[in-house]
Amino acid sequence: MDTPDADGLLAEQLLRLTRRLHRIQKRHLVPIGITPAQSRLLRTLAQYDTPPRMADLAQHLEVVPRAVTSLVDALEASDHVRRVPDPANRRVIRIELTDTGRKALRELRSARRAAAEDILAPLDAEQREQLGGLLNALFDVPEGRRC
């Protein structure tokens, strides 16, 4: 008789949880009119003190520059971001949030909290704390052992 593959089962559970989280997050983002990828780009933009270049965003998001271009195009069309020339080098284009983008960020924060509450509802406070510690342990892997 085969013994169950505990690590494989755990990996499958994590994948199922990730898909569920994505579905719930997407459901909460629909009323805002933002996709999860657009949400991530807006949140990343908010972390910069000065408007970043598209290359900076691509590097931070760990995606190819073309993916950022598509996201910026869509967000620019909906007036969430705008392209602006760099004051020091007019050939460089930077991406900045608009007032609409900042308003969307506030709405996104509420949507993310609601999505997290949906996911975490079955857990009590102690279980949530334990889960947070376990997730931190998975994220704090030494550089040489990361995928």
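What comes next concerns the included structure. (Residues numbered from 1 in each chain as written. Predicted model: local features only at pLDDT ≥ 70, side-chain atom pairs only at ≥ 80, totals over all residues. Heavy atoms only, no water.)

Quick look at the overall build of the protein
The cut-off we apply is this: Strands here mean DSSP runs of E at least two residues long; helices mean DSSP runs of H or I at least four residues long; both are numbered from the N terminus. C-alpha atoms define the radius of gyration, and 2.2 Å times the number of residues to the power 0.38 defines the globule rule. Any residue under 20% of the maximum accessible area for its type is buried, any over 50% is exposed, and the rest in between are partly exposed; the area is computed with a 1.4 Å probe on protein chains only. The method behind every accessible area is Shrake-Rupley, applied with a 1.4 Å probe, and residues are considered shielded solely by the protein chains displayed. The positive count covers Lys and Arg only, the negative count covers Asp and Glu only, and His and the chain ends enter neither. Think of each charge as sitting on NZ of Lys, CZ of Arg, CG of Asp or CD of Glu.
The secondary structure content of the protein amounts to six helices and two strands. Secondary structure elements in the protein, listed N-terminal to C-terminal, are α-α-α-α-β-β-α-α. Its C-alpha atoms give the protein a radius of gyration of 19 Å, more than 25% over the compact-globule value 15 Å for 147 residues. C-alpha atoms of the protein, sized along the principal axes, occupy 65 × 35 × 25 Å. In the protein, which comprises 147 residues, the share counted as buried stands at 24%. Summed over all atoms, the accessible surface of the protein reaches about 10600 Å², with 55% contributed by carbon and sulfur. For the protein, the separation between the mean place of its 24 positive charges and that of its 21 negative charges on side chains is 7 Å.

What about the pattern of salt bridges?
Rules: By definition, a salt bridge exists where a carboxyl oxygen of Asp or Glu is found within 4 Å of a side-chain nitrogen of Lys or Arg.
Applying the stated criterion to the full structure yields ten salt bridges. A salt bridge links Asp118 to Arg27; the shortest N-O distance between them is 2.9 Å. Remark: Arg27 occurs in helix 1 (residues 6-29) and Asp118 occurs in helix 5 (residues 99-120); sequence separation between them is 91 residues. Relative accessible area serves as the criterion here: at 31%, Asp118 is assigned to the partly exposed category. Across the salt bridge formed by Arg94 and Asp86, the nearest N and O atoms sit 2.5 Å from each other. The exposure class of Asp86 is buried, given its relative accessible area of 8%.

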